[in-house]
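# Survey of secondary and tertiary structure
For reference, the chains in residue letters:
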Amino acid sequence: MTRTVLESKTKTVVIGFDEPFCVIGERINPTGRKKLAAELEAGNYETVIKDALEQVACGATVLDVNSGAVFTNKMAEDPRYADNNFVEPPLMKALIEIVQQTVDVPLCIDSSVPAALEAGLAACEGRPLLNSVTGEEERLELVLPLVKKYNVPVVAISNDDTGISPDPDVRFAVAKKIVERAADFGIPAHDIVVDPLVMPVGAMASAGQQVFALVRRLRDELGVNTTCGASNISFGLPHRHGINGAFLPMAIGAGMTSAIMNPVRQQEMEAIRAANFLMNHDPNGGEWIRFAKVLEAVEGGLSFSDASAAASQAAGGRRGGRRGRA
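Conventions adopted
Residues numbered from 1 in each chain as written. Predicted model: local features only at pLDDT ≥ 70, side-chain atom pairs only at ≥ 80, totals over all residues. Heavy atoms only, no water. Helix = DSSP H or I, 4+ residues; strand = E, 2+ residues; numbered from the N terminus. Rg over C-alpha atoms; globule rule 2.2 N^0.38 Å. Buried < 20%, exposed > 50% of the residue type's maximum accessible area, 1.4 Å probe, protein only. Contact = heavy atoms within 4.5 Å. Areas by Shrake-Rupley, 256 points an atom, 1.4 Å probe, with all protein chains shown as cover. pLDDT = per-residue confidence, 0-100. Pairing = 2+ DSSP bridges. Axes fitted to C-alpha atoms, helices over the stretch in contact; angles between N-to-C directions. Parallel < 35°, antiparallel > 145°, perpendicular 65-115°, else oblique. Left-handed = near helix turned anticlockwise from the far one by under 90°. Nonpolar A, V, L, I, M, F, W, Y, C, P; charged D, E, K, R; others polar. UniProt positions renumbered as here; feature names shortened; annotations may be inferred.

Before going further, it helps to examine the overall build of the protein. A tally of helices and strands in the protein yields twelve helices and eleven strands. Since a compact globule built from 326 residues should have a radius of gyration of about 20 Å, the 19 Å found for the protein is in line with a globular shape. Taking the principal axes of the C-alpha coordinates as reference, the protein spans close to 50 × 45 × 45 Å. Residues counted as buried form 52% of the 326 residues belonging to the protein. Pairs at least 24 residues apart make up 70% of the contacts formed inside the protein by residues separated by at least 6 positions. Accessible surface computed for the protein: about 14,500 Å², of which carbon and sulfur atoms make up 53%.

As C-alpha cells, then:
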C-alpha cells in the first residue's frame, strides 16, 4: 500500500490510501493577499503566525508555505527586488523558521523558484513535502535532483511544456512521465504525490467527472497518492463552499488522499471528517465525535476557528512530546 511519509521535528503524517485524508493548509501564501505581502515586505510575520496556529487548530495536519511575494516598495528602491530569484530564497528561509517555531506539523515547501525550494529544504526540520515539479523538461532537471538530495516527497503537477491540457488522458500521460523520470533519479513512486489539475466546473461541466476518473487511474495504474488545489473546482461560482464541500468527499471516494485547501472553512472540514468516517479511516468514529464537540460549540455561538482552537487547547494537555501521528 502506497505511503508517503512526512515529518516535522516530532510529528509524522502519512498520506496513503488507507489513511485519513491529509489536509494541507494553504493560507501562508501572499499571492492575492496584499495585506500579507505588505507585512512580509516590512518583516512582519504576525499574520503568518496567526494563520499557522488557526489552520492547525482547525484540522490541517500539514502547512503549505509559499514565498511568492511581490515587494512593491522595495522594488522601486532596488531593481533586484523585481526578481523572484532574489526575493524568495531568504523569504522562504524566514517563513519556514517562523512557522516551525509556531506549530509542530510537517510543512509543504511551495515555490516556483528552485533556489527558494532549496532554501526551504535547508531550513526545514524533518521531512517536508516539496511543491512542486511539472513535466516541463527544465523543471524536471532542476527539481528532481533536489528531491533526491534531500530525500523528500514531491508534488507532481500534470502539465508540461505544452501547458495544461483539457484532455485527462494527456494529464495522466504527463503524470506517468514524471513518475518514470523520478525513477531514473532513484525516487520511488510512493514519494510522488500527483496533482491531476482540477479544472473549474463553471468553465468545464465535466471537470468533476474528469478528476475523479483521473484519481482512480493514478491510484490503480501508477500507485501514487494524489492532491489538488481543492477550491479550483468552484472558481468563479457563487456559494463556493457548498461546491467544495460536495467535491471533497466525492474526490476522497474516488481515491484522492490529500488537498491543499483552507481548513478554516467549517463546511469543507465537516465534509472531510464525515468522509473519513464513512471510508473507515476514522476508527470507531473517534475523530468525528471530537469534531462534533466543535460543531456544538459553534451552535452555541463560537466561531468555527475559536471553537477549534478551544478544542485543540483542551486536547493539548493530553498529548506528549514524543513523535506521534498528527
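That shown, we press on.
This part takes up the confidence of the model for the protein. Summarising the model, the protein shows a mean pLDDT of 95, and 97% of its residues fall at 70 or more. Within the model, the stretch residues 318–323 combines pLDDT values under 50 with eight contacts to residues more than four positions away or in other chains.

The next point concerns the pairing of strand E10 (residues 258–261). Burial along E10 is two-sided: Ser258 and Ile260 and Ala259 and Met261, pointing in opposite directions, are all buried. Sheet analysis places strand E3 (residues 22–28) next to E10, joined by four bridges and oriented parallel. Its bridge partner being in E10, Gly25 is matched across the sheet by Met261.

Below, the discussion takes up the packing of helix H11 (residues 286–299) against helix H12 (residues 304–316). Running from N to C, H11 and H12 point in directions that differ by 135°, and their axes come no closer than 9 Å. Here H12 runs oblique to H11, going by the angle between their axes. The hand of the H11/H12 crossing is right-handed. Between H11 and H12, the contacting residues are Phe291, Val294, Ala297 and Val298 on the first element and Phe304, Ala307, Ser308 and Ala311 on the second. Looking at side-chain class alone, the contact of H11 with H12 contains seven nonpolar, one polar and no charged residues.

Between helix H4 (residues 84–102) and helix H5 (residues 114–123), whose axes approach to 8 Å, the crossing angle comes to 30°. The angle between the axes of H4 and H5 places the two elements in the roughly parallel class. Remark: the crossing between H4 and H5 carries right-handed chirality. In this structure, H4 contributes Glu88, Pro89, Met92, Lys93, Ile96, Glu97 and Gln100 to the contact, and H5 contributes Ala115, Ala116, Ala119, Gly120 and Ala123. Partitioned by chemical class, the residues of the contact of H4 with H5 number seven nonpolar, two polar and three charged.

Judged by pairing direction, the sheet is parallel, and its eight strands sit side by side in the order E9-E8-E7-E6-E5-E4-E3-E10 without closing on themselves. The outermost strands of the open sheet, each flanked by one partner alone, are strand E9 (225–226) and E10. Most of the contacts of helix H6 (residues 137–150) go to strand E6 (residues 129–134), to which it runs at about 155°, and overall it touches E6 and strand E7 (154–157).

Our next topic: the UniProt feature "domain: Pterin-binding" (unreviewed entry) in the protein. Here the UniProt-annotated "domain: Pterin-binding" (unreviewed entry) positions come out as residues 21–279. Overall, residues 21–279 shows 51% helix and 14% strand. The separation of its end C-alpha atoms is 10 Å.

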